[in-house]
Amino acid sequence: MLLLFLPECTLHAQSVQQEKMEQLSFLVGEWVGTSKIFDNGVVSRAGAAYEKIAYDLDKNILVIELNTEFLQLHTIVTYDEKDQRFNYHRFSKDGAAIYPAEFRDGQLVVWRDDKTRFFFGSTPGGGFREYGERLVDGEWVKTFEDTFVNTQ
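If you're wondering where the values come from, they're calculated on a predicted model, not measured in any experiment.

Draft legend 1. Main features of the overall build of the protein chain. The helix and strand inventory of the protein chain stands at one helix and ten strands. Across the 152 residues of the protein chain, 35% fall into the buried class. Residue pairs in contact within the protein chain that sit at least 24 positions apart in sequence constitute 34% of those at least 6 positions apart. When the accessible area of the protein chain is evaluated, it comes to approximately 9,200 Å², of which 52% is carbon and sulfur surface. One finds the centroid of the 16 positive side-chain charges in the protein chain at a distance of 5 Å from the centroid of its 24 negative side-chain charges.

Dropping the structure here:
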């Protein structure tokens, strides 16, 4: 009897993970735009940015490749059904890290730590924006912002 229900449980687990990952479909595309770095609320650097975002492994992971004048990242986003959260696996020339994330108010929110967070969301014109904030003296201060348009 157990063998009859095992495939159904496996299919259900895959569909929950894929359903959660589907929430991030607004990120998929080949994006070009601008990256801005902020110091004390003022743009200190700005430059061109390119980002390619695509699903892989039957939509079980989302692969993000970011290239700006200041930063190159390779990121994989997954959903952990057991922990009921997204995980943001970040790789750069300086090393790797995993941060917890959640889908909230139509955007992906990544928590580097209690005082640093990143937002990934769509814009009203069909674009895409990501930005980072740091908690300073009880107030969230923007540290970077990348804005993109889809070239596909």
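Picking up where we left off.
Draft legend 2. Structural view of the packing of aromatic side chains. In this structure the tally under the stated criterion is ten aromatic pairs. Measuring from centroid to centroid gives 6.4 Å for Phe26 and Phe103, while their planes differ by 45°, and the two rings are tilted. Of this pair, Phe26 sits in the loop between α1 (2–22) and β1 (29–39) while Phe103 is found in strand β6 (residues 95–104), placing the two residues 77 residues apart along the sequence. A connected cluster of aromatic rings, assembled from ring pairs, spans Trp31, Tyr88, Tyr99, Phe120, Phe128 and Phe148.

Scoring rules and cut-offs
- Throughout, a residue's number is its position along its own chain's written sequence, starting from 1.
- Local features are withheld for residues below a pLDDT of 70 in this predicted model, meaning they are given only at 70 or higher, and side-chain atom pairs are given and counted only at 80 or more; totals for whole chains, interfaces and linings count all residues.
- For side-chain calculations, the full set of non-hydrogen atoms in the structure is used, while hydrogens and water are omitted.
- Numbering of helices and strands runs from the N terminus, with a helix taken as a DSSP run of H or I at least four residues long and a strand as a DSSP run of E at least two residues long.
- For every residue, the accessible area (1.4 Å probe, protein chains only) is compared with the maximum for its type, and the residue is labelled buried under 20%, exposed over 50%, or partly exposed between those bounds.
- Contacts are residue-level and defined by heavy atoms, with any inter-residue pair within 4.5 Å sufficient.
- Here the accessible surface of atoms and residues is derived via Shrake-Rupley with a 1.4 Å probe, and residues count as covered only by protein chains that are part of the display.
- Asp and Glu count as negative and Lys and Arg as positive, but His and the ends of the chain are not part of the count.
- Where a charge lies is defined by one atom per residue type: Lys uses NZ, Arg uses CZ, Asp uses CG and Glu uses CD.
- Only rings of Phe, Tyr and Trp enter the pairing, Trp through its six-membered ring, and a pair is recorded when the two centres are within 6.5 Å. The plane angle decides the type: under 30 degrees is stacked, over 60 is edge-to-face, the rest tilted.

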